[in-house]
Amino acid sequence: MTSRGSRLVIPALAGALALALLLATAAGSVPLSFPGVVKALLAKLGLLGDASALGATGETILFTVRLPRVLLAALVGGGLAVVGAVLQAVFRNPLADPGLLGVGAGAALGAVLAVHLGLASAVFFALPLAAFAGALAAVLAVYFIAGASGRASLHGLLLTGIAVSALAGAMTSVLLVATEEFRVKAVLFWLAGGLDGRGWTHVQAAALFVLSGVALLVLLGRPIDVLSLGEQEAASLGLPVRATRLGLLGLAALVAGAATAVAGSVPFVGLMAPHALRPLVGPLSRRLLPAAFLGGAVLVVLADLGTRTLSARVELPLGALTACVGAPYFLLALRANEGRG
Amino acid sequence: MSGPREVLLSTHALAVDRGRRRVLSDVSVELLAGEALVVVGPNAAGKSTLVRALAGLLEPAAGEVRLCGRPLAEWPSDARARVLALATSEEEGPDALHVVERVALGRYPHRGPFQPLGATDHAAVARALQQTGIAALADRRLGTLSAGERQLATLARGLAQEPRVLLLDEPAAHLDIGHQLQLFRTLDGVRACGVGVLAVVHDLARAAEWAERMLLVAEGRIAAEGAPDAVLASEAACRAFGVRIRGHAVPTLSHPFYSFEERP
């Protein structure tokens, strides 16, 4: 059923992720020694007695700056990739992306609203929470507007997603113009996407939603596979199509919303990771979703490393970096897809 | 076959709307265990709508469908899918899916979302691949198959459900003549185990040769019903298709040979 090669993909990806995580914690404006990082981590886990390999400053950098940031990158990338894989199955389109449902635009609107109202500076964690609420609201709006005309057809959902995104984008612009200048910068940083200055609180919040959401989606792998055969065949196999689709979209919005809330917009990860891995592990969820999680995590951990190390003077926006890789990838995949059809 | 056969599927005065338009009205059908019932009719007559309504995918506007004597609406959807399978020529799985995985999804109604597939499931999948003659394609991806092979994979998924009622919409649409003959032989094999098969078939000659009973649907109503040769010889068939249909007895053939001419 599966060739020997495809069984090695997931272990290989897990190895690559471990390596990428170590590399990304060691490298940066203050480089830490590779063995030193490994020793310090093992000591923290209680597996090694001697913890002095990095020195006090090194340890502070590792445990309060690098490690939470790198873990957050892994959670964001993994979560977005799993959501992408699920949406590609549900919409039966190998190029579907979380952005299509209005997640990014809704999150941006929520974040800007929080900043505009002054909540973001007054209440701790208000910006990511508002972004999260915005993402969920956008997806719900898309689903119910598309479903209002009778039954939610897939084309209807996608086109409604575009319309809702455009509307949210317009409202975001209006709010930005109406917001005092000193507050705008905070929102621009968030909009560009990035993990600068994120700490353990962000990691905990993201881990809660991303990991539980991903676990549930993996558990629902078989219904996802049945749904990927199309509405009619899924219904004829006894799957409650509408309820299943609503549940899956809700979970997808939860995961993508949480990822976007902590990292801003990180486009194309949800498209690239599952699209690249599907030919290797096949489209069945029980293998594709774990593989996509690992692949997406590697992708964003390395991209975040790139934002910190590619330029000596400024930190590049994470979303810009993934878009620079993702947009050409998308166009090539689109051509390949059309050439075949 | 001897003795009265069980009625598996029946409708009485069934009407179905698509949007605000009534596409089927006053349809009463029965499908018996082991029966070969073929549905013919011109394009847009309502054949596909009938099949989908019988499968429980379309809500009747009037009348009802009964499966094994019980109203279809009362069946839990997974229980229904264990008794009734639908295969149409529109269905397409993801390109990267392997044939065996696609067929194995036919076990969903038996195992549900969480239970792992067991030995009986794997046996049913292997049997379905065998019956449809695509066992050699088991490890191929759907994207690498021809339209006909994909259609056989869809049929195999339906057989893997191990249903008592098999509903088919254009099962032979993309098949070459060799595969068509093999398909109908496969269906006869399934019928021998008591499965009732209802199929929409476009090729009238092939339909008449295979079926025990023929249903002619025209303009959303049943225009004729009975032995295939009698239905095709009827005035209703000529009117429905707008052609002259003639059956010629050929000494070496068990079935009449049909010719079709446009009516002036």
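Residues numbered from 1 in each chain as written. Chains lettered and ligands numbered in written order. Predicted model: local features only at pLDDT ≥ 70, side-chain atom pairs only at ≥ 80, totals over all residues.

**Quick notes on the overall build of chain A**
Which entries qualify depends on this criterion: Strands here mean DSSP runs of E at least two residues long; helices mean DSSP runs of H or I at least four residues long; both are numbered from the N terminus. Computation of the radius of gyration draws on C-alpha atoms alone. For the globule rule, the value is 2.2 Å times the number of residues to the power 0.38. Residues are called buried when their C-beta atom has 20 or more other C-beta atoms within 10 Å, exposed when it has 12 or fewer, and partly exposed otherwise; all C-beta atoms are positioned from the backbone.
Check the secondary structure of chain A and you find 16 helices and zero strands. Taken over the C-alpha trace, chain A has a radius of gyration of 20 Å; the compact-globule value for 341 residues is 20 Å, and the two agree within 12%. Principal-axis analysis of the C-alpha atoms places the extent of chain A at approximately 65 × 60 × 35 Å. A total of 341 residues make up chain A; the buried ones form 50% of that total.

**Re the overall build of chain B**
When you go through chain B residue by residue, the secondary structure sums to 10 helices and 12 strands. Against the compact-globule benchmark of 18 Å for 264 residues, chain B has a radius of gyration of 19 Å, which places it among compact chains. With the C-alpha coordinates aligned to their principal axes, the bounding extent of chain B is approximately 60 × 45 × 40 Å. Residue burial in chain B is summarised as follows: out of 264 residues, 47% are buried.

**Some points on the confidence of the model for chain B**
Convention followed: Summary of the metric used: pLDDT quantifies the predictor's per-residue confidence within the range 0 to 100.
Residues of chain B with pLDDT of at least 70 account for 98%, and the chain-wide mean is 94. Reported confidences for the modelled complex are a pTM of 0.92 and an ipTM of 0.94.

**Description of the pairing of strand β2 (residues 21-32) of chain B**
Residue and element names in this part refer to chain B. To keep things clear, this is the line we draw: For two strands to count as paired, DSSP must find a minimum of two bridges between them.
Here strand β1 (residues 7-18) pairs with β2 via eight bridges, running antiparallel. Note on β2: the bridge partner recorded for T11 is V29. As consecutive antiparallel partners, β1 and β2 are separated by two residues, and within that stretch G19 has a phi angle of approximately 65°, a positive value.

**Examining the nonpolar core**
For soluble globular proteins, the rule of thumb is that nonpolar side chains tend to be buried together. The following threshold applies: Nonpolar core, as used here: buried Ala, Val, Leu, Ile, Met, Phe, Trp, Tyr and Cys residues forming one set through C-beta atoms within 7 Å. The contact criterion used is a C-beta to C-beta distance within 7 Å, with each C-beta placed from the backbone.
Of all hydrophobic cores here, the largest spans 194 residues; its most connected members are V255 of chain A together with L216 of chain B. Broken down by element, this core gets its largest block of residues, 18 residues, from helix α4 (residues 55-90) of chain A. Apart from the residues within four sequence positions on either side, L216 of chain B is in contact with V40, G41, I222, A223, A224, E225, V231, A236, A237 and A240 of chain B.

**Things to note about helix α1 (residues 47-54) of chain B**
Because an α-helix packs 3.6 residues into every turn, residues spaced three or four apart end up facing the same way. The element α1 of chain B is largely enclosed, with a buried count of eight among its eight residues. Among all positions in α1 of chain B, only K47, S48, T49, L50, V51, R52, A53 and L54 of chain B are buried.

**A look at the pairing of strand β4 (residues 62-67) of chain B**
Residue and element names in this part refer to chain B. Relative to β4, β1 is paired through five bridges, and the arrangement is antiparallel. Bridging from a neighbouring strand, L9 pairs with L67 of β4. When β4 meets strand β5 (residues 70-71), the two strands line up antiparallel, connected through two bridges. Across the sheet, R66 pairs through a bridge with P71, a residue of β5. Linkage of β4 to β5, two consecutive antiparallel strands, is achieved through a turn of two residues, within which C68 is found at a positive phi near 50°.

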